[in-house]
Amino acid sequence: LLEELSPRLVLSGHTHHGCHIKHLNKGSEVHEYTIASFSWRNKKSPTFSMLSVSSNNYSIYKCHMPQERTVFAMYTVAALFLIAWMVKKRLRSQGIIYTKVSRYID
């Protein structure tokens, strides 16, 4: 297929892993990039690829996503801060927590 089509770039997909392979075709290198699936279910740190193509060149960038546990940890911390803020606001509205206005009262 490489000899028949003579591509300058080959892209393929895989459910779990990505890789880069160099093939020799008629004395020139043909690069094959296998792109992994974009899912935390298949991989702990999924990536996606950005491809830029011009008439005589191409470039591929691999972009990493955060791990699933990092995202869940950030959600948990944000939820705890939100709950603490809501409790403080509620206690302040009931007069249980007072705000100190000044150091000396006349």
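- Under an unreviewed UniProt entry, the protein chain has the name Metallophosphoesterase 1 and belongs to Cherax quadricarinatus.
- The heading Cofactor (unreviewed entry) in the UniProt record of the protein chain holds the text "Mn(2+)".

### A look at the overall build of the protein chain
Thought 1: Broken down by element type, the protein chain carries two helices and five strands.
Thought 2: Scanning the protein chain from its N terminus toward the C terminus, one meets helices and strands in the order α-β-β-β-β-β-α.
Thought 3: The C-alpha radius of gyration of the protein chain comes to 27 Å, more than 25% above the 13 Å expected for a compact globule of 106 residues.
Thought 4: For the protein chain, the spread of C-alpha atoms along the principal axes amounts to about 95 × 30 × 15 Å.
Thought 5: Buried residues in the protein chain amount to 12% of all 106 residues.
Thought 6: A separation of at least 24 residues holds for 25% of the contacts in the protein chain among residues at least 6 apart in sequence.
Thought 7: A total accessible area of about 9,200 Å² is found for the protein chain, and carbon and sulfur atoms account for 60% of it.
Thought 8: Computing the positive centroid from 14 side-chain charges and the negative centroid from 6, the protein chain places the two 21 Å apart.

### Re the layout of surface pockets
Thought 1: As a volume, the largest pocket reaches approximately 200 Å³.
Thought 2: If you trace the largest pocket, you find 13 residues lining it, with Gly18, Cys19, Thr34, Ser49 and Lys62 closest to the centre.
Thought 3: At the level of secondary structure, the elements contributing two or more residues to the lining of the largest pocket comprise strand E2 (19–25), strand E3 (28–36), strand E4 (47–53) and strand E5 (58–64).
Thought 4: It is E3 that provides the largest number of residues to the lining of the largest pocket, a total of four residues.
Thought 5: Its residues placed into classes, the lining of the largest pocket shows six nonpolar, five polar and two charged.

Cut-offs and rules
Residues numbered from 1 in each chain as written. Predicted model: local features only at pLDDT ≥ 70, side-chain atom pairs only at ≥ 80, totals over all residues. Heavy atoms only, no water. UniProt positions renumbered as here; feature names shortened; annotations may be inferred. Helix = DSSP H or I, 4+ residues; strand = E, 2+ residues; numbered from the N terminus. Rg over C-alpha atoms; globule rule 2.2 N^0.38 Å. Buried < 20%, exposed > 50% of the residue type's maximum accessible area, 1.4 Å probe, protein only. Contact = heavy atoms within 4.5 Å. Areas by Shrake-Rupley, 256 points an atom, 1.4 Å probe, with all protein chains shown as cover. Lys, Arg positive; Asp, Glu negative; His and termini not counted. Charge placed at Lys NZ, Arg CZ, Asp CG, Glu CD. 1 Å grid on protein atoms, 1.4 Å probe; cavity = no way out; pocket = protein on both sides within 12 Å on 5 of 7 lines; lining within 4 Å. Points joined across faces, edges and corners; volume = space filled by probe spheres on them. Nonpolar A, V, L, I, M, F, W, Y, C, P; charged D, E, K, R; others polar.

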